[in-house]
Amino acid sequence: MKRMSGKKIKAVIAALSVLSASMITCGAAAVPAAKAVSKPARQMETLGRGLVAVPTKGGVLVSWRLLATEWNGVTYNLYRGSAKLNSKPLAVSNFLDKQGGKDSKYAVAPVVNGKEQKKSGFCSVWAQNYLSIPLTPPNGGKTPDGISYTYRANDCSAADLDGDGQYEIILKWDPSNSKDNSQKGYTGDVYLDAYKLNGKRLWRIDLGKNIRAGAHYTQFMAYDLDGDGYAEVGCKIADGTVDGTGAVFGNASADYRSSNGYVLSGPEYYGVFSGKNGKLLTHINYDPPRGKVSDWGDSYGNRVDRFLSCVAYLDGVHPSLVLCRGYYTRTVLAAYDYRGGKLVKRWRFDSNDPGNAGYTNQGNHNLGVADVDGDGKDEITYGACCIDDNGKGLYTTGLGHGDAMHIGDLDPQRPGLEVFDVHENRPCKAGVEFRDAKTGQLIWGYPTNKDNGRGLSADIDPRYEGEEQWSAASSNVYNCKGQVISTTKPSSTNFAIWWDGDLSRELLDHVWEKTTRTGIPKIDKWDYKNGLTNNLVTFNGCLSNNDTKGTPCLQADLFGDWREEVVLRTSNSRALRIYTTTDPTFYRIYTLMQDPVYREAIAWQNVAYNQPPHTSFYLGNGMANPPAPNIYLTVAAGSTYRSDTGLALALRHQKTYCFKITSLNGKEPVLVSGNSSVIKVVQKKHKDHRADFYFQVKAAGRKGESAGIYINGSKTPATVVTVS
């Protein structure tokens, strides 16, 4: 659909609504444009092509990753067997093969300056539009007071655990007697499993009886924390935890549970596990510590054990772990780096420290991670407040605790990022709140006098540039300027997902059955013309998670093109199903998993009240081409050298470029040009860091000519350089 002109947009707004007199707004002009800052490249995992082929009514939809490192100037050839399917190279990373069938096999090859590069491996056609991963639930049991329990699959995360360039799924098992912190009672143990996409289980970790089960207790981070090409998994552990190799941590017989089922005594720990085999690699005393239970807002064990966690690039280059405790009253965050097999503290923020009183009672049941101030380093948006990369408070709005929050480029006409947050406080001067992510300045908001427990931000109406917002507070839908564009809102305020072929976002929710307290997941689309919510697909045979919250196990761009997959548990928890779209798209966007804000959101998605991910750039109707992220890739498993440059590089005639090649075995690499008359290796120097070698190359050829750059005689170029 064509975007409406500014005059038409104004006319529609005027026809729909006169802005409410209660709307709170501040002048956006007060926010200065950010100064240009030289930002370092961030570590990012090395991914494979992620090629998938899915049957559709019209044939076979073939889809693959467009990597951020090949964002500029790379196209693709697609093969069914030995037959090339495209007459000219494809700019997008999906293709509907109308002659494809169940026995077809596909491969894709990037094309740089008209020259085809190495093909991917071949993939087969799925039997249906989902991939099934078989599960074996843990055995149920009985609590000390004789109550039986079973297990159901719950939250998931994704990371490359074994370094093969393909994501594995990390799954948390929830016992049927898991508890909210406000509820007393024993629970069964919490288990973490790791699965390859082919169904192989890599390991199982039993967190033991001293880790209570519930949405607020176990927040697990799956990420390559040390940049070795293999992701680790971190979470809170205790005496009796059994790692993936069967080794018991601490005192196996220790039982710190009270007669009410709470764990309010005994030591607390945080552990980092190997993604390859689940072995416990290192541990520390959990920070922030429990201390006196009543210091957190009550004495019976509710608020003391409200945990959050995230991964953030606090130095702008490497990922750090941030461990959090408390948000109703006292709030504490502690940041750690995992380097050389050890957890090393970076900083700690405590709302009890002098000058931090305004940060009390500002946290949410979730958080967000992004570089909000443009310095290349991440901040943690902790509900109604924000903690800077150095562990100092950046700002606090004073609007208080909330249940849902969204951070990203929600209004592309403004510089920087925005936050949409909803709040519980009654009354609240801006219980529906849209603010500047850098300063906390209120851009617009509406007062509420109720617990505004749900809020969502997503581009669902192409008539308005930017994302739309709505919440449980009213039936209104707002555009990103705070103007009411509809007095009827979608039927769900839950997750938003990029699913079909357009740039609008669809709505991921469930059909809730009160009597059984189960929900069947579904994806709907908002009909903005008629104010209706229309169903696209219902995932029969599956169930949603987390009771009325209706969340998936995971929503993420796991493979294929930039659209998102949804991971769901079957109704008997005997399998996970990873559903993918069957709709072609004409839009060229690199894999969302190489956008730092989105990738970090996948890491924190399992935290407490799960929220959908957003990107650092505006992804929606009327979007500009997203900027390529400034990243460098971790080394693929088995590699000995890493280049800081991606697949394609343009270099002006007679100009030079300095390559950084990192050696993983201490040996000096040899850099060779595939055609020295076009691209010359002119200088080599060794910098201070023993693992980093620098090579200067010069564009000697004519405009349009290109040559590959090879490391140590490899048959595959580390990059292809074109003279521009």
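Residues numbered from 1 in each chain as written. Predicted model: local features only at pLDDT ≥ 70, side-chain atom pairs only at ≥ 80, totals over all residues. Heavy atoms only, no water.

### Remarks on the overall build of the chain
On a plain count of helices and strands, the chain comes out with two helices and 54 strands. Taken against the 2.2 N^0.38 rule, which gives 27 Å for 724 residues, the C-alpha radius of gyration of the chain at 26 Å falls within 12% of a compact globule. Counting only C-alpha atoms, the chain reaches 75 × 70 × 55 Å along its principal axes. Within the chain, counting contacts between residues at least 6 apart in sequence, those at least 24 apart form 61% of the total. (Helix = DSSP H or I, 4+ residues; strand = E, 2+ residues; numbered from the N terminus. Rg over C-alpha atoms; globule rule 2.2 N^0.38 Å. Contact = heavy atoms within 4.5 Å.)

### Focus on the confidence of the model for the chain
Of the residues in the chain, 91% reach a pLDDT of 70 or more, and the chain-wide mean stands at 91. Confidence drops under a pLDDT of 50 for residues 1–21, and excluding neighbours within four residues, the segment shows 26 contacts in the predicted structure. (pLDDT = per-residue confidence, 0-100.)

### Here's the deal with the sheet that holds strand S14 (residues 151–159)
The four strands are arranged S14-S15-S16-S17 in an open sheet whose pairing can be described as antiparallel. Every other strand in the sheet has two partners, leaving S14 and strand S17 (201–206) as the edge strands with one partner each. Averaged over all pairs of adjacent strands, the angle between strand axes in this sheet comes to 20°, irrespective of strand direction. The sheet contact formed by strand S15 (residues 168–175) and strand S16 (residues 191–195) spans five bridges and is antiparallel. Bridged to isoleucine 169 within S16 is tyrosine 195. (Pairing = 2+ DSSP bridges. Axes fitted to C-alpha atoms, helices over the stretch in contact; angles between N-to-C directions.)

### Considering the pattern of salt bridges
Throughout the structure, instances matching the rule amount to 35 salt bridges. Note that arginine 563 is salt-bridged to aspartate 561, the shortest N-O span being 2.9 Å. Here the two residues arginine 563 and aspartate 561 agree in accessibility, since each one is buried. Connected via shared salt-bridge partners are Lys236, Glu268, Arg290, Asp305 and Arg325. (Salt bridge = Lys/Arg side-chain N within 4 Å of Asp/Glu carboxyl O. Buried < 20%, exposed > 50% of the residue type's maximum accessible area, 1.4 Å probe, protein only.)

### Focus: the sheet that holds strand S39 (residues 506–513)
Strand order in the open sheet formed by four strands is S38-S39-S40-S41, with antiparallel pairing between adjacent strands. Taken across any chain shown, the strands that pair with only one partner, and hence form the sheet edges, are strand S38 (495–497) and strand S41 (532–538). Strand after strand, the sheet turns through a mean of 45° between neighbouring axes, direction not considered. The pairing of strand S40 (residues 518–527) with S41 spans six bridges and is antiparallel. Within S41, the residue paired with lysine 525 across the bridge is asparagine 534.

### A word on helix H2 (residues 596–604)
Within H2, nine of the nine residues are buried, which leaves the element mostly enclosed by the surrounding structure. Where H2 is concerned, the buried positions are Pro596, Val597, Tyr598, Arg599, Glu600, Ala601, Ile602, Ala603 and Trp604. At its buried positions, H2 is contacted by strand S2 (42–44), S14, strand S18 (221–223), strand S22 (307–312), strand S26 (368–370) and strand S43 (554–556).

### Some thoughts on the packing of aromatic side chains
Applying the stated criterion to the full structure yields 20 aromatic pairs. Centre to centre, the rings of phenylalanine 349 and tyrosine 359 are 5.1 Å apart; their planes meet at 70°, and the pair counts as edge-to-face. Placement of the pair is phenylalanine 349 in strand S25 (residues 342–350) and tyrosine 359 in the loop between S25 and S26, with a sequence separation of 10 residues. Tyrosine 359 matches phenylalanine 349 in its accessibility class, with the two residues each being buried. In textbook terms, an aromatic cluster arises when at least three aromatic residues are bridged by ring pairs, as seen for Tyr130, Trp499, Phe539 and Tyr579. Sitting over the face of the ring of tyrosine 286, lysine 236 holds its NZ or CZ atom 5.7 Å from the ring centroid. (Phe/Tyr/Trp six-rings, centres within 6.5 Å; stacked < 30°, edge-to-face > 60°. Lys NZ or Arg CZ within 6 Å of the ring centre and 35° of its normal.)

### Remarks on the pairing of strand S27 (residues 379–382)
Alternating residues of S27 divide into Glu379 and Thr381 and Ile380 and Tyr382, and every residue in both groups is buried. Alignment of S26 against S27, held across three bridges, turns out to be antiparallel. Residue alanine 370 lies in a different strand from S27, and its bridge partner there is glutamate 379. Here S27 runs beside strand S28 (residues 385–387); their pairing, made up of three bridges, is antiparallel.

### Focus on the state of the cysteines
This structure, assessed with the given rule, holds zero disulfides. The structure places no disulfide on cysteine 324, whose sulfur is separated from the nearest cysteine sulfur, that of cysteine 310, by 5.4 Å. (Disulfide = S-S within 2.5 Å.)

### Comments concerning the side chain of arginine 563
Within the secondary structure, arginine 563 is located in the loop between S43 and strand S44 (565–570). Among the polar contacts listed, one links the side chain of arginine 563 to the backbone oxygen of aspartate 500, at a separation of 3.0 Å. At 2.5 Å, the side chain of arginine 563 forms a polar contact with the backbone oxygen of aspartate 583. The contact partners of arginine 563, leaving out residues within four places of it in the chain, are Leu61, Trp498, Trp499, Asp500, Gly501, Asp557, Thr581, Asp583, Pro584 and Thr585. (Polar contact = N/O pair within 3.5 Å; in protein donor to acceptor, adjacent residues only side chain to side chain.)

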